[in-house]
Amino acid sequence: MAGAPAEVRARALPPLESNGVALDMAPGRLGWLRPSERDLGIDALRERFRQDGYVWLRGLLDPAEVRAFRGKVLEALAGTGLLAGGTDPAEGILGPGPVDGRALGARLAEIVRWAAYEAFCMAAPVVRFYEDFFGAPPFLHKRKLLRIGRPGDVHCTGAHYDLVYLRGGTDRLCTSWIPIGDASVEMGGLCYLEGSDAFGRELEARYAREAAHLTPALRLQAVNSVMTSGWLGKDLRTLAEQMGGRWLVADYRAGDMVVHSPFMIHASTRNVDPDRRIRLSTDIRYQSVRDEIDPRWQNHWAPDDGL
Ligand SMILES: O=C(O)CCC(=O)C(=O)O
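Residues numbered from 1 in each chain as written. Predicted model: local features only at pLDDT ≥ 70, side-chain atom pairs only at ≥ 80, totals over all residues. Heavy atoms only, no water.

Quick look at the overall build of the protein
A tally of helices and strands in the protein yields eight helices and 13 strands. Computed over its C-alpha atoms, the radius of gyration of the protein comes to 19 Å, within 12% of the 19 Å expected for a compact globule of 307 residues. When the backbone C-alpha atoms are referred to their principal axes, the protein occupies close to 55 × 45 × 45 Å. By residue count, 52% of the 307 residues in the protein fall in the buried class. (Helix = DSSP H or I, 4+ residues; strand = E, 2+ residues; numbered from the N terminus. Rg over C-alpha atoms; globule rule 2.2 N^0.38 Å. Buried < 20%, exposed > 50% of the residue type's maximum accessible area, 1.4 Å probe, protein only.)

What to know about helix α6 (residues 196-210)
An ideal rise of 1.5 Å per residue puts 21 Å on 15 residues; α6 measures up with 21 Å between its terminal C-alpha atoms. Looking at α6, one finds that the buried residues are Ser196, Asp197, Gly200, Leu203, Glu204 and Tyr207. Looking down the long axis of α6, one finds its buried residues gathered within 120 degrees of arc, a one-sided arrangement. Away from its buried face, by an angle of more than 90 degrees, α6 presents the exposed residues Glu202 and Arg209. (Expected span 1.5 Å × (residues − 1). Arc of directions from axis to C-beta.)

A few points about the packing of aromatic side chains
Per the stated rule, a full pass over the model turns up 13 aromatic pairs. Considering the side-chain rings of Trp177 and Tyr252, the 4.8 Å spacing of their centres and the 55 degrees angle between planes classify their relative orientation as tilted. Here Trp177 is found in strand β8 (residues 174-179), whereas its partner Tyr252 is found in the loop between β10 (247-249) and β11 (257-260), with 75 residues between them in sequence. Across the pair, Tyr252 and Trp177 agree in class, each one buried. Site record: aromatic cluster; members linked through ring pairs are Phe49, Phe129, Tyr130, Phe133, Phe134 and Tyr286. The ring of Trp297 is capped by Arg143, whose NZ or CZ atom sits 4.5 Å from the centre of that ring. (Phe/Tyr/Trp six-rings, centres within 6.5 Å; stacked < 30°, edge-to-face > 60°. Lys NZ or Arg CZ within 6 Å of the ring centre and 35° of its normal.)

Describing the nonpolar core
Membership of the largest hydrophobic core comes to 73 residues, with the highest contact counts inside it found for Phe129, Trp247, Met257 and Val259. In terms of nonpolar packing, the next biggest core, distinct from the first, is built from twelve residues, Tyr54, Ala183, Leu190 and Tyr252 among them. (Core = buried A, V, L, I, M, F, W, Y, C linked by side-chain atoms within 4.5 Å.)

Some words on the site of the ligand
The ligand sits among 14 residues. The nearest are Thr157, Trp177, His266, Arg279 and Arg285. Contacts to the ligand include Arg285, whose side-chain N or O atom sits 2.7 Å from an oxygen atom. With the chains in place, 98% of the 300 Å² that the ligand exposes on its own is no longer accessible. Of all the secondary-structure elements, those providing two or more residues to the shell around the ligand are β8, β12 (266-268) and β13 (279-288). Here the shell around the ligand takes four residues from β13, the largest share from any one element. Residues of the shell around the ligand, tallied by class, amount to two nonpolar, seven polar and five charged. (Near = heavy atom within 4 Å. Polar contact = N/O pair within 3.5 Å; in protein donor to acceptor, adjacent residues only side chain to side chain. Areas by Shrake-Rupley, 256 points an atom, 1.4 Å probe, with all protein chains shown as cover. Nonpolar A, V, L, I, M, F, W, Y, C, P; charged D, E, K, R; others polar.)

Comments concerning a negative patch on the surface
Side chains of Glu75, Asp88, Glu91 and Asp275 sit close together on the surface and give a patch of like negative charge. Positionally, Glu75 belongs in helix α2 (residues 63-77). Owing to a relative accessible area of 54%, Glu75 belongs among the exposed residues under this scheme. (Patch = residues over 30% accessible without salt bridge, like charges linked within 9 Å, V, L, I, M, F, W, Y side chains within 5 Å. Salt bridge = Lys/Arg side-chain N within 4 Å of Asp/Glu carboxyl O. Lys, Arg positive; Asp, Glu negative; His and termini not counted. Charge placed at Lys NZ, Arg CZ, Asp CG, Glu CD.)

Considerations on the pairing of β11
The side chains of a regular strand alternate, residue by residue, between the two faces of the sheet. Neither face of β11 is left uncovered, since the one carrying Met257 and Val259 and the one carrying Val258 and His260 both have all their residues buried. Bridge analysis of strand β5 (residues 54-57) against β11 gives four bridges, and the strand direction is antiparallel. Residue pairing across strands places Trp56 opposite Val258, the latter belonging to β11. (Pairing = 2+ DSSP bridges.)

What to know about the packing of helix α1 (residues 42-52) against helix α5 (residues 124-134)
Contact pair α1 / α5: the axes reach a minimum separation of 9 Å and the direction vectors enclose 80 degrees. The angle between α1 and α5 falls in the class roughly perpendicular. Here Ile42, Leu45, Arg46 and Phe49 of α1 come into contact with α5, specifically with Phe129, Asp132 and Phe133. Looking at the contact of α1 with α5 residue by residue, the class counts come to five nonpolar, no polar and two charged. (Axes fitted to C-alpha atoms, helices over the stretch in contact; angles between N-to-C directions. Parallel < 35°, antiparallel > 145°, perpendicular 65-115°, else oblique. Contact = heavy atoms within 4.5 Å.)

Some details on the packing of α2 against helix α3 (residues 101-111)
The contact between α2 and α3 brings their axes to 9 Å, and the two run at 140 degrees. Relative to α3, α2 is oriented oblique. Viewed along their axes, α2 and α3 form a crossing whose handedness is right-handed. Contacts between α2 and α3 pair Val73, Ala76 and Leu77 from the former with Leu104, Arg107, Leu108 and Ile111 from the latter. (Left-handed = near helix turned anticlockwise from the far one by under 90°.)

This is how it looks when you write it as structure tokens:
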């Protein structure tokens, strides 16, 4: 594991849980994500990305625009029973239910096709960042994910690294994880296993050796006879103990964007927000247009797309 970087310790961490496992870790197994100041300069950001496997860019986007987009998305989801009656959709307060899961999936599949969503993902500061970062024209993968973290939902994103799902092109990929609205630690934002970029690279190299006998098509798949799940597991506590690392969490704010490497291990925690606010976020992939592009990611996300 890399040495502990400077971090923000704005407040004590609340009790956290992921997929039913309490993150009541030994001291030193949980910490705060390190933000990157906007004026660091692109060389320093590249170096930080290389060392840490991520950069957390605070205030990259206009918070008012992000909040307005949050309102637009949640308003479109209001008919599914998701939101509490009589509340401002932009607040995203979960209603008492029930939620029509099929209708929610269908609406989400529609929203990821909106021109407004595409514009959000391609906001000028995001594109400019990647132009600088890659030193080449950036390419945005068409398959873009919009996620809802409902307060109380026990199902969280399990620990994984993204290349598992994106093996059909370059590994010089970046994921942008963008909270659409504030996403405090309590709201279950993304967490990162410190120093795990190197571990992800080792795992992938081992996988490439073990999967060498598979057909090229099978080798690309996240699930096959060598890798029975694209996930490293749901027990974040044990993973951190086994690897000797810390899970890094953050109080994300509207306007932030985290960029992580395709080898960086990440997951999410349960949304335990006392005000029942929904965590809304998007995760999208950028790369240089000059690098090989995974053709499987050139369709819009659909609930049954199998990727
Ligand atoms: O937002 C989440 O829960 C998961 C996001 C994710 O896996 C990613 O950004 O690659």
